Amino acid sequence: MAGPEELDEAEILVDLSAIRHNCAILTEVIAPAQLMAVVKADAYGHGLEPVAHAARAAGVPWLGVARVAEGLELRRLGDTGRILAWLDLPGQVPYEEAVRQDIDMTAYSRRELRLIAAAGRSVGRAARVQLKVDTGLSRGGCPTADWPRLVAEAREWEEEGQLRVTGIWSHFACSDDPEHPSNDAQERVFREALAIAETAGLRPEVRHLANSAAAVLRSSSRFDLVRAGLLVYGLDPAPGHLPDLDLRPAMTVQTPLAMAKPIAAGTGVSYGHTWVAEHPTTVGLVPAGYAEGIPRHASSRAEVWVAGRRRPVRGTICMDQFVVDLDGDLPEPGTRVLVFGPGDHGEPTAQDWAEASGTISYEIVTRIGGRMVRRYVEEDQR
């Protein structure tokens, strides 16, 4: 049995008490708006089923997913609360099953709206649909020029009983930069779109624009519902801008050290010898690589935590392994290597790895995995 500083296998620890804690704090911050916990992409790499259960246990009324299939999986797992899905290929979605399972679907176009209405007619109940307007992200969503026709047709289908418009929403492009002028512009366009929908006779249950960063930084954009993704997992969607909310990062990635050994000055390390030791030192072999989602772009830039200290990555990160500089220390094989964690004890965080890789923490946590096992813990079990 491994001791407290030893491990038997590479693993991803997910602290479910942190998920519940974060949801409870966010619920207070955004009140009276409701909270949607976004659990798409296997809950940002944290695990769909346990995270969804934790969010519901914290009283979260809405879950958000990208694909209808993710919503259907939540239903299969026993979730009975409100679920919104927003990204599928029109015509290749199990619309009828989504209607049967009471999943709110998103329509960007009249074509999608008609497919959803047809499913409602086939099943014999009003399909729940939310309309998304493109307010300036220029990604998914109905163009503003087509918006009056979309809401007018949606109202016609409502009157025929084939669907019910439960929500109207959009998405910010630059909410992580609170001073960006597009934030004001998008909120203005969204309010105009809401007025057009109201004139058409639509009375949605929820109107939502704010994502994680806007939920905290732009209270005027909260409306009835806030879609919180990264904040649910305790990570910062707008580094340098958010106040301290006492959120707790839920994910810790750790692995046993495979070996440690001395190397002489002038020794090249890993593929291409992109790093060469300037003086005698010791190095450790960490048995995880880009197959586990360790970003190769962080080669010779990131750090890990071994034996009470941060240790720099040396040389190229490989498919299955990477090397760290132990600065003369020779820890035993099996010694715990903290790749990243909450940062409570000085260990690197997902944000540190993101900065070392030239990316965002979203990508770090959603890509981690591969041959690692995932284990769920409560705070006192770390």
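Higher on the page you've got the structure.
Q: Give a description of the sheet that holds strand β17 (residues 322-325) that names residues and reports values.
A: Adjacent strands of a sheet pair through backbone hydrogen bonds, lying either parallel or antiparallel. In space, the nine strands of this open sheet follow the order β11-β14-β17-β16-β15-β18-β10-β1-β19, with mixed pairing throughout. Here the strands that pair on one side only, and so sit at the sheet edges, are β11 (259-263) and β19 (373-377). Averaged over all pairs of adjacent strands, the angle between their axes in this sheet comes to 35°, without regard to strand direction. Where strand β14 (residues 281-286) and β17 come together, four bridges link them in antiparallel fashion. Across the sheet, the residue bridging to L285 is V323, located in β17. Running at roughly 40° to strand β1 (residues 11-15), helix α1 (residues 16-30) makes contact with β1 and β19 of the sheet.

Q: Residues and numbers for the nonpolar core, please.
A: Judged by nonpolar contacts, the single largest core of 114 residues is most densely connected at V39, L113, L131, W147, F340 and W353. In terms of residue count, α1 provides more of this core than any other element does, seven residues in total. Once you skip the residues sitting within four places of it in the chain, W353 turns out to touch I294, P295, A298, A302, E303, V304, V313, I317, V339, F340, P348 and I364. Core analysis: the second largest hydrophobic core is formed by six residues, V269, W275, A277 and V283 among them.

Q: Describe empty space enclosed by the protein, and please don't skip the residues or the numbers.
A: A full pass over the atoms with the stated rule returns one cavity of 30 Å³ or more. In this structure, the largest cavity occupies an estimated 90 Å³ of space. Mapped by element, the contributors of at least two residues to the lining of the largest cavity are β5 (104-107) and α6 (110-123). Residues of the lining of the largest cavity, tallied by class, amount to eight nonpolar, one polar and two charged.

Q: Give me helix α8 (residues 181-199): which residues, what numbers.
A: Over its 19 residues, α8 extends 28 Å from the first C-alpha to the last, a length consistent with the 27 Å expected when each residue adds 1.5 Å. Along α8, the positions that sit buried rather than exposed are S182, N183, Q186, E187, F190, A193, L194 and A197. Buried residues of α8 fall within an arc of 130° about the axis and therefore sit on the same side. For α8, the exposed residues set more than 90 degrees away from the buried face come down to P181 and T199. The secondary structure elements touched by the buried residues of α8 are α7 (147-159), β7 (163-169) and β8 (206-208).

Q: Before we move on, can you summarise the environment of G369 with the specific residues and values?
A: Looking at the element boundaries, G369 is found in the loop between α11 (361-367) and β19. Of the residues examined, G369 reaches a relative accessible area of 10% and is grouped as buried. With 73 residues separating them in the primary sequence, G369 and R296 have C-alpha atoms 14 Å apart. Setting aside residues up to four positions removed in sequence, G369 forms contacts with I12 and E292.

Q: Could you give an account of the layout of surface pockets, naming the residues involved and the relevant values?
A: Of the volumes computed, that of the largest pocket is approximately 770 Å³. Taken together, the residues of the lining of the largest pocket sort by class into 19 nonpolar, 10 polar and six charged.

Q: Explain the packing of aromatic side chains residue by residue, including any values.
A: For the coordinates displayed, the defined rule picks out five aromatic pairs. Pairing Y44 with Y233 gives two aromatic rings, centres 4.9 Å apart and planes at 25°, and the pair type is stacked. Of the two residues, Y44 sits in helix α2 (residues 40-45) while Y233 sits in the loop between β9 (225-228) and β10 (251-256), which places them 189 residues apart along the sequence. Taking relative accessible area as the criterion, Y44 reaches 7% and is therefore assigned buried. Ring plane angle 80° and centroid distance 5.1 Å describe the contact between F190 and F223, whose orientation is recorded as edge-to-face. One end of the pair, F190, is in helix α8; the other, F223, is in the loop between α9 (212-217) and β9, with 33 residues separating them in the sequence.

Q: I'd like a description of the pattern of salt bridges, backed by residues and values.
A: Enumeration according to the criterion identifies 30 salt bridges in this entry. Where R155 meets E159, a salt bridge forms, and the shortest distance between an N and an O atom there is 3.6 Å. Residue R155 and its partner E159 are both found in helix α7; the two are separated by four residues, about one turn of the helix. For R155, a relative accessible area of 26% gives the class partly exposed. Salt bridges sharing common partners tie together R82, D104, R128, R164 and E205.

Q: Pulling in residues and values, what's your account of the packing of α1 against helix α3 (residues 48-57)?
A: Two quantities define a packed helix pair, namely the angle between the axes and the distance from one axis to the other. It is at 8 Å that the axes of α1 and α3 come closest, and there the two elements cross at 40°. Taken together, the axes of α1 and α3 are oblique relative to one another. Crossing handedness for the pair α1 and α3: right-handed. Contact residues: α1 offers L16, I19, R20 and C23, while α3 offers P50, V51, A54, A55 and A57. Residue composition of the contact of α1 with α3, grouped by class: eight nonpolar, no polar and one charged.

Procedures and definitions
Residues numbered from 1 in each chain as written. Predicted model: local features only at pLDDT ≥ 70, side-chain atom pairs only at ≥ 80, totals over all residues. Heavy atoms only, no water. Pairing = 2+ DSSP bridges. Helix = DSSP H or I, 4+ residues; strand = E, 2+ residues; numbered from the N terminus. Axes fitted to C-alpha atoms, helices over the stretch in contact; angles between N-to-C directions. Contact = heavy atoms within 4.5 Å. Core = buried A, V, L, I, M, F, W, Y, C linked by side-chain atoms within 4.5 Å. Buried < 20%, exposed > 50% of the residue type's maximum accessible area, 1.4 Å probe, protein only. 1 Å grid on protein atoms, 1.4 Å probe; cavity = no way out; pocket = protein on both sides within 12 Å on 5 of 7 lines; lining within 4 Å. Points joined across faces, edges and corners; volume = space filled by probe spheres on them. Nonpolar A, V, L, I, M, F, W, Y, C, P; charged D, E, K, R; others polar. Expected span 1.5 Å × (residues − 1). Arc of directions from axis to C-beta. Phe/Tyr/Trp six-rings, centres within 6.5 Å; stacked < 30°, edge-to-face > 60°. Salt bridge = Lys/Arg side-chain N within 4 Å of Asp/Glu carboxyl O. Parallel < 35°, antiparallel > 145°, perpendicular 65-115°, else oblique. Left-handed = near helix turned anticlockwise from the far one by under 90°.

Any functional reading would require information beyond the geometric quantities listed.
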